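# Examination of the molecular architecture
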Amino acid sequence: MNAETMMGTELRGLRRRRPEVAGTVLAGTDGLLISSDLPTTDATHLAALAAASFGLGHRMAATVRQGEFHESVVHTTAGCVVTYPAGRDALLTLVATPGADLAALREEARGVVRRAGPALAACRQPTLLPHQADPHAPLAVRTPMATLPNQRPRRAQSITWRRPPL
């Protein structure tokens, strides 16, 4: 079973077990939509917003040194939106109706992520060419401009422009 089929099966099962889930969005941490079953909301925008929410939550967790990001919850007057990491580079976002049992929903969503997240991560893992750097590697250390040796600028070579043949 491929990752998309597995995720589709898992998300349908989640919706069947938790009727308070009004819709689901599966997106990459880059904000690109992978899959959605939202009936009225623009899933592409929600995928991008979920990635932004994940980025803020991830950065906040790193800043306070309280462990890894686990979830982001936005409560609204008509329910809530919850985002969970699904593997290394995917996000599961659930739109829930008012009065949703968030503790039970959390356990269900984490179960879905545990079962299907690794398959999804393997599917989305890009294959690097020999000359490409790992995108998850730490950034290179930059040399300040003041420590670079002085170099004299090269003179511009004169380039003769010729009209192309007709």
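Residues numbered from 1 in each chain as written. Predicted model: local features only at pLDDT ≥ 70, side-chain atom pairs only at ≥ 80, totals over all residues. Heavy atoms only, no water.

The subject of this paragraph is unusual backbone geometry. Phi angles above zero are rare outside glycine, and Arg 65 is one such case at about 50 degrees. Along the chain, the position of Arg 65 falls in the loop between α2 (43–64) and β3 (72–76). (Helix = DSSP H or I, 4+ residues; strand = E, 2+ residues; numbered from the N terminus.)

Attention shifts here to the nonpolar core. Among the nonpolar cores identified, the biggest contains 20 residues, and Met 7, Tyr 84, Leu 92, Leu 94, Leu 105 and Val 112 are the most heavily contacted of them. Of all the secondary-structure elements, those providing two or more residues to this core are α1 (3–17), β1 (21–28), β4 (79–85), β5 (90–96) and α3 (102–124). With six residues, the top contributor of residues to this core is α3. Excluding its chain neighbours within four sequence positions, the residues that come into contact with Leu 92 are Leu 11, Val 25, Leu 26, Val 82, Thr 83, Tyr 84, Ala 86, Ala 109, Val 112 and Val 113. Residues Val 25, Ala 27, Ala 43 and Ala 47 belong to the second largest nonpolar core, which totals six residues. (Core = buried A, V, L, I, M, F, W, Y, C linked by side-chain atoms within 4.5 Å. Buried < 20%, exposed > 50% of the residue type's maximum accessible area, 1.4 Å probe, protein only. Contact = heavy atoms within 4.5 Å.)

For the rest of this paragraph, the subject is the pattern of salt bridges. What the rule picks out here adds up to six salt bridges. Two residues, Arg 115 and Glu 10, come together in a salt bridge whose shortest N-O distance is 2.9 Å. One end of the pair, Arg 115, is in helix α3; the other, Glu 10, is in helix α1, and 105 residues separate them in sequence. Between Glu 108 and Arg 17 there is a salt bridge, and its shortest N-O distance comes to 2.7 Å. Taken together, the residues span a long stretch of sequence, with Glu 108 in helix α3 and Arg 17 in helix α1 at a distance of 91 residues. Overall, Glu 108 belongs to the partly exposed group, its relative accessible area being 22%. A network of salt bridges, in which partner residues are shared, links Glu 71, Arg 106 and Arg 110. (Salt bridge = Lys/Arg side-chain N within 4 Å of Asp/Glu carboxyl O.)

We now examine the pairing of strand β2 (residues 33–36). Looking at chain direction, β1 and β2 are connected through three bridges and run antiparallel. Within β2, the residue paired with Ala 27 across the bridge is Leu 33. Counting the residues between successive antiparallel strands, the hairpin from β1 to β2 contains four residues, one of them, Gly 31, with a positive phi of roughly 90 degrees. (Pairing = 2+ DSSP bridges.)

Its relative accessible area of 42% is what places Arg 115 among the partly exposed residues. Sequence-wise, Arg 115 and Ala 86 are 29 residues apart; in three dimensions their C-alpha atoms are separated by 9.6 Å. With residues up to four places along the chain from it excluded, the contact list for Arg 115 reads Met 6, Glu 10 and Arg 17.

Moving on to the sheet that holds β2. As summarised here, the arrangement of the five strands in space is β2-β1-β5-β4-β3, forming an open sheet in which the pairing is antiparallel. The outermost strands of the open sheet, each flanked by one partner alone, are β2 and β3. Within the sheet, the average angular offset between the axes of one strand and its neighbour, ignoring direction, is 15 degrees. Note: β4 against β5, six bridges, orientation antiparallel. Pairing of Val 82 across the sheet is with Leu 94, part of β5. Sitting on the sheet, α2 touches β1, β2, β3, β4 and β5, and the angle it makes with β5 is about 115 degrees. (Axes fitted to C-alpha atoms, helices over the stretch in contact; angles between N-to-C directions.)

The values reported here are purely geometric and, on their own, carry no functional implication.
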